[in-house]
Amino acid sequence: MAEHDYLSAVAGELKDDDRHRLSPRNGNWDDNYVAIFAMENQSYDFVLSDSKITWTSMGLGGSAKADRKSKKKKKKKFGGMQEDKNMGLLLLKDVYAVKIKRNRKAGQQEGDGVCMGIALFTYERKDANKLREKTVVLEHPSEEVCRKWATRIEQIISGYGQRPKRIKLFLQPHAGNKKIRSIFKEKVVPLFILAKVNVTFAEISKDGFVKQEMAPMDLKDYDCIVAMGGDGTVNKVVNGLLSKTQKEEGLDVKPGFTPAKATLPVGIIPVGTTNHIAHSVHGVDDLVTAMLHIILGHTTPLDVCSLYQKEKFYKWAFNCQYGFGGNILSFTERYHILGQKRVDAAFLKALTKSKLRPYECDIQYIPSPSAAISHPKDRVQCRTGCAVCMGATPGSRQSSVYTDSLQEYDPLAVSGTSSTIIDLSKESPWRTTKGIYLNVAVMALPGLCEYAPQGISKYTHLADGCMDLIMVRNVERKEFLRYLKRNGNSKNQLDFPFVECYRVKDVQFRPRLHTTWKHNDHDFEINEIQRASVNSRLTSISERSLDVIDDLSLNSDDDFDDDDATLHSDSDKPNSETASLGESNSNDPQEPNKNMQNVRQVSSAPASTYRMTLLEREVERRRKKQRDKEDKARAKEENRIKSIWNIDNELCEDLDLDFRVHAHLLQVYGEGVSPDTEPEENKLGCIPHF
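Everything numeric in this text was worked out from a predicted model, so none of it was measured. (Residues numbered from 1 in each chain as written. Predicted model: local features only at pLDDT ≥ 70, side-chain atom pairs only at ≥ 80, totals over all residues. Heavy atoms only, no water.)

Asks: Provide a residue-level description of the overall build of the chain, including the pertinent values.
Replies: In terms of regular secondary structure, the chain is built from 18 helices and 25 strands. Burial status across the chain gives 46% buried among its 690 residues. The long-range fraction of contacts in the chain, counting pairs at least 24 apart against all pairs at least 6 apart in sequence, stands at 74%. Of the roughly 36,600 Å² that the chain leaves accessible, carbon and sulfur atoms contribute 50%. (Helix = DSSP H or I, 4+ residues; strand = E, 2+ residues; numbered from the N terminus. Buried < 20%, exposed > 50% of the residue type's maximum accessible area, 1.4 Å probe, protein only. Contact = heavy atoms within 4.5 Å. Areas by Shrake-Rupley, 256 points an atom, 1.4 Å probe, with all protein chains shown as cover.)

In structure tokens, the structure reads:
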């Protein structure tokens, strides 16, 4: 078909830029890959180039009813496919598989049957973020033409290097509704097989399994690592991958170090109860969408936080909450028997008057260098192609805020002396805030979820090299409920006066545990002191007895000689016992040592201990019961003044934690939240009960 005829066929439907984009001269194409195919009972001229397939209507074939439908057809978008009533375009970078469609009879195997055409497997958008499989069938009776086109398309799509071909998948069988094995078998495996992806999977059976599995693994054998589960599973996989990367690079993971980037991208298939990480990366909590991003190789960078406990590396993480967020997770695990309703039950429990408690904390942080132009309240949401994230290059994390407040400075440049001193005149980058808070959150991701469709922290970015520190001060419960409700709608929950928020690089968190203990201290009870004194006297008496016996044994040689002389005068032949006793001491120098050892063995018998009377035993039993009761009351009081950390929906009982964010440390399969996303709202149905 000539170029003039090709353009004239759609001249009335296309603008100048569309006409240029669909022109067969616009790209590398070959006359061997120009053919006529039928699609939805309409005949089209198809042209295959190195990057796309374009087609124009020939106006042939089809019924009058189909023609009327085609006139009413509006322009659609199926991923990279744009279709109008007379023309269409499909980008090959959005095609993940191609097959020859055959009409097989019963009993025929794969590859048998009459050729019907070509099936192209791409995707369509159900909304701004949700993707679904889409099959485009190009009908043609010639198997030679179909095979030639299918082979060429297969060569083109297999040349996209960003698409993974070898995957290591870690499966959490107990995530979500615990039907993960059937989901993996029925949905995940067929789609990976269709895309010709080789998957090696392992079920997570215990804590630390992922690190143990990755320790001997050669990362060069795979193209990516996939986590199939909830946020906890993603956290374990990311920790295993980053820890192995640092080990292979020979880096010592300690405070202040610069970590190496992960050598492989990470894929997330969300099937857990909470999927904050996947929801923030994909814009939706959907299994098929996540798999299509992995198969097509759509990646985006992510910031990762390193956590330290007492100057020792603890783990890698994304989102952390202390206070109300930690209590919800604690109650969720307690109510696991309720299944999918356990999160609602945990919400209700954490909001009761007895459980909604404030916690006293000391928090230090280093503000972000870009805090003057970027703030959690600036109402700039992170979307696909975000300018804030694109401007945060990996090298920007080497900022002056990473240096300690006490900096070693060059004395020769100031005074010409050779002594090493510390310059204390520089202002410390650390800022301090102290108070009583209901919830403290350190967020490296927006934290989109069912209860916060737009995010727990709506204006946190995926890869800007910063964290958002959000602190909710102690207020009345009705005010805190207003804050929670704004997490489910389009209003900004950070606008309340009792909410503090900062964009930071480093955070140090220290809870205040001032116990007001008023119970009796049983460490120095009178009966215990008396019993200890009696035992000490008995011990001293037994030790003195041993010393006396030792002195007697050392002087036994002279005594034995005098006795021998007396015995010999009575009889010329001493009896066997006396002779052996006297003569052995005079002839064998080692015999006194043996006798002394025998004396020590006899004297080392256990000393008598103090035996309590029946009355003392009863008193001790009652005292022990009272101590147990007061210890339980002490533990209850301590639990009231401290909470627990929720780190990527995993509990952490270590309270003193330090956080540091690292820019673009990880590549994750996903595109972020689409700019066309319509705001969703969640009425938080559990809250109206209050």
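From this point, the discussion proceeds with the structure in view.
Asks: Quick rundown of the pairing of strand S9 (residues 131-139)? Include the residues and the values.
Replies: Relative to S9, strand S8 (residues 114-125) is paired through 9 bridges, and the arrangement is antiparallel. By the bridge assignment for S9, Thr122 is matched with Lys134. Following S8, the chain reverses through 5 residues before pairing antiparallel with S9. (Pairing = 2+ DSSP bridges.)

Asks: I'd like a description of the packing of aromatic side chains, backed by residues and values.
Replies: Within a pair of aromatic rings, the relevant descriptors are the distance that separates the centres and the angle that separates the planes. Scanning the model with the defined rule gives 22 aromatic pairs in all. Judged by centre distance (5.5 Å) and plane angle (85°), the ring pair of Phe37 and Phe46 falls under edge-to-face. A relative accessible area of 0% places Phe46 in the buried class. Aromatic rings pair up to connect Tyr33, Phe37, Tyr44, Phe46, Trp55 and Trp149 into one cluster. Here the guanidinium or amino end of Lys168 rests over the ring plane of Phe170, the centre of that ring lying 5.6 Å away. (Phe/Tyr/Trp six-rings, centres within 6.5 Å; stacked < 30°, edge-to-face > 60°. Lys NZ or Arg CZ within 6 Å of the ring centre and 35° of its normal.)

Asks: Any chance you could break down helix H10 (residues 324-334) for me, citing the residues and the numbers?
Replies: Side chains of residues three or four places apart in an α-helix project in the same direction, reflecting 3.6 residues per turn. Within H10, 8 of the 11 residues are buried, leaving the element largely enclosed by the surrounding structure. Those residues of H10 that fall on the buried side of the exposure criterion are Phe324, Gly325, Gly326, Asn327, Ile328, Leu329, Phe331 and Thr332.

Asks: Give me helix H7 (residues 231-248): which residues, what numbers.
Replies: In this model H7 runs 26 Å from its N-terminal to its C-terminal C-alpha over 18 residues, within 8% of the 26 Å that 1.5 Å per residue would give. The buried fraction of H7 is high, at 15 of 18 residues. Count one or two residues on from H7 and you reach Gly250, which has phi positive near 75°. (Expected span 1.5 Å × (residues − 1).)

Asks: Outline empty space enclosed by the protein, supporting the account with residue identities and numerical values.
Replies: Per the stated rule, a full pass over the model turns up 2 cavities of 30 Å³ or more. In this structure, the largest cavity spans a volume of roughly 90 Å³. Counting only elements with at least two residues in the lining of the largest cavity, the list comes to helix H8 (276-282) and strand S16 (319-323). Looking at the lining of the largest cavity element by element, the count peaks at 3 residues for S16. Here the residues of the lining of the largest cavity are counted per class, giving 4 nonpolar, 5 polar and 2 charged. (1 Å grid on protein atoms, 1.4 Å probe; cavity = no way out; pocket = protein on both sides within 12 Å on 5 of 7 lines; lining within 4 Å. Points joined across faces, edges and corners; volume = space filled by probe spheres on them. Nonpolar A, V, L, I, M, F, W, Y, C, P; charged D, E, K, R; others polar.)

Asks: Go over the pattern of salt bridges, please, and point to the residues and values.
Replies: For the structure on display, the rule yields 26 salt bridges. A salt bridge links Arg166 to Asp223; the nearest nitrogen and oxygen atoms lie 3.1 Å apart. Taken together, the positions of Arg166 in strand S10 (residues 166-171) and Asp223 in the loop between helix H6 (209-214) and strand S12 (224-229) put the pair 57 residues apart, joining distant regions of the chain. Ionic pairing is found between Glu203 and Arg181, a salt bridge with its closest N-O pair at 3.0 Å. Taken together, the residues Glu203 in strand S11 (residues 198-203) and Arg181 in helix H5 (residues 180-194) connect sequence positions 22 residues apart. Accessibility expressed as a relative area gives 29% for Glu203, which makes it partly exposed. Arg181 gets classed as partly exposed once you look at its relative accessible area, which sits at 48%. Here the salt bridges do not stand alone but share partners, grouping Arg102, Glu143 and Arg147 into one network. (Salt bridge = Lys/Arg side-chain N within 4 Å of Asp/Glu carboxyl O.)

Asks: Which residues make up the environment of Cys224, and what values go with them?
Replies: Inspection of the secondary structure puts Cys224 in strand S12. A sequence separation of 39 residues divides Cys224 from Thr263, and the C-alpha atoms of the two residues are 8.9 Å apart. Aside from chain neighbours lying at most four places away, what touches Cys224 is Pro164, Arg166, Ile167, Lys168, Leu264, Pro265 and Tyr669.

Asks: Before we move on, can you summarise the pairing of strand S25 (residues 657-669) with the specific residues and values?
Replies: A large share of S25 lies buried, amounting to 12 of its 13 residues. Of the strand pairs in this sheet, strand S14 (residues 299-309) and S25 are connected by 9 bridges, and their pairing is antiparallel. For Leu307, the partnering residue across the bridge sits in S25 and is Phe659. Across 4 bridges, strand S22 (residues 499-511) lies against S25 in antiparallel orientation.

Asks: Before we move on, could you go through the packing of H5 against helix H9 (residues 287-296) and cite the residues and values that matter?
Replies: Interhelical geometry of H5 versus H9 gives an angle of 30° and a closest axis separation of 11 Å. In terms of their interaxial angle, H5 and H9 are classed as roughly parallel. In this structure, the crossing between H5 and H9 has a hand that is right-handed. Residues Ile183, Lys187, Val188, Leu191 and Phe192 of H5 form the contact with H9, whose participating residues are Leu287, Met291, Leu292, Ile294 and Ile295. Its residues assigned to classes, the contact of H5 with H9 shows 9 nonpolar, no polar and 1 charged. (Axes fitted to C-alpha atoms, helices over the stretch in contact; angles between N-to-C directions. Parallel < 35°, antiparallel > 145°, perpendicular 65-115°, else oblique. Left-handed = near helix turned anticlockwise from the far one by under 90°.)

Asks: A description of the layout of surface pockets should follow, citing residues and the corresponding values.
Replies: Computed from the structure, the second largest pocket encloses a volume of approximately 440 Å³. Lining the second largest pocket are 16 residues, and of these Asn327, Ser330, Asn639, Lys642 and Ser643 lie nearest its centre. Elements with a contribution of two residues or more to the lining of the second largest pocket: H10 and helix H18 (614-640). With 4 residues, the top contributor of residues to the lining of the second largest pocket is H10. Per-class residue counts for the lining of the second largest pocket are 5 nonpolar, 4 polar and 7 charged.

Asks: Which residues make up unusual backbone geometry, and what values do they have?
Replies: We note that Arg379 has phi near 60°; this positive angle belongs to a residue other than glycine. Examined against the element boundaries, Arg379 turns out to sit in the loop between strand S17 (359-367) and helix H12 (387-391). Here Asp648, not a glycine, exhibits a phi torsion of approximately 50°, which is positive. Along the chain, Asp648 turns up in the loop between strand S23 (645-647) and strand S24 (651-652).

Asks: So what's going on with the confidence of the model for the chain? Residues and values would help.
Replies: Averaged over all residues, the pLDDT of the chain is 78; the fraction at 70 or higher stands at 71%. Segment residues 72-76: pLDDT under 50, and 11 contacts once partners within four positions in sequence are set aside and those in other chains are kept. Across residues 559-587, where pLDDT falls below 50, the model places 15 contacts with residues more than four positions away in sequence or in other chains. (pLDDT = per-residue confidence, 0-100.)

Asks: Describe the packing of H10 against helix H11 (residues 342-350), naming the residues involved and giving the relevant values.
Replies: Running from N to C, H10 and H11 point in directions that differ by 130°, and their axes come no closer than 8 Å. Between H10 and H11, the angle is such that the two are oblique. Seen along the crossing, H10 lies across H11 with a hand that is right-handed. Between H10 and H11, the residues in contact are Phe324, Ile328, Phe331 and Thr332 and Arg342, Val343, Ala346, Phe347, Lys349 and Ala350, respectively. The residue makeup of the contact of H10 with H11, split by class, is 7 nonpolar, 1 polar and 2 charged.

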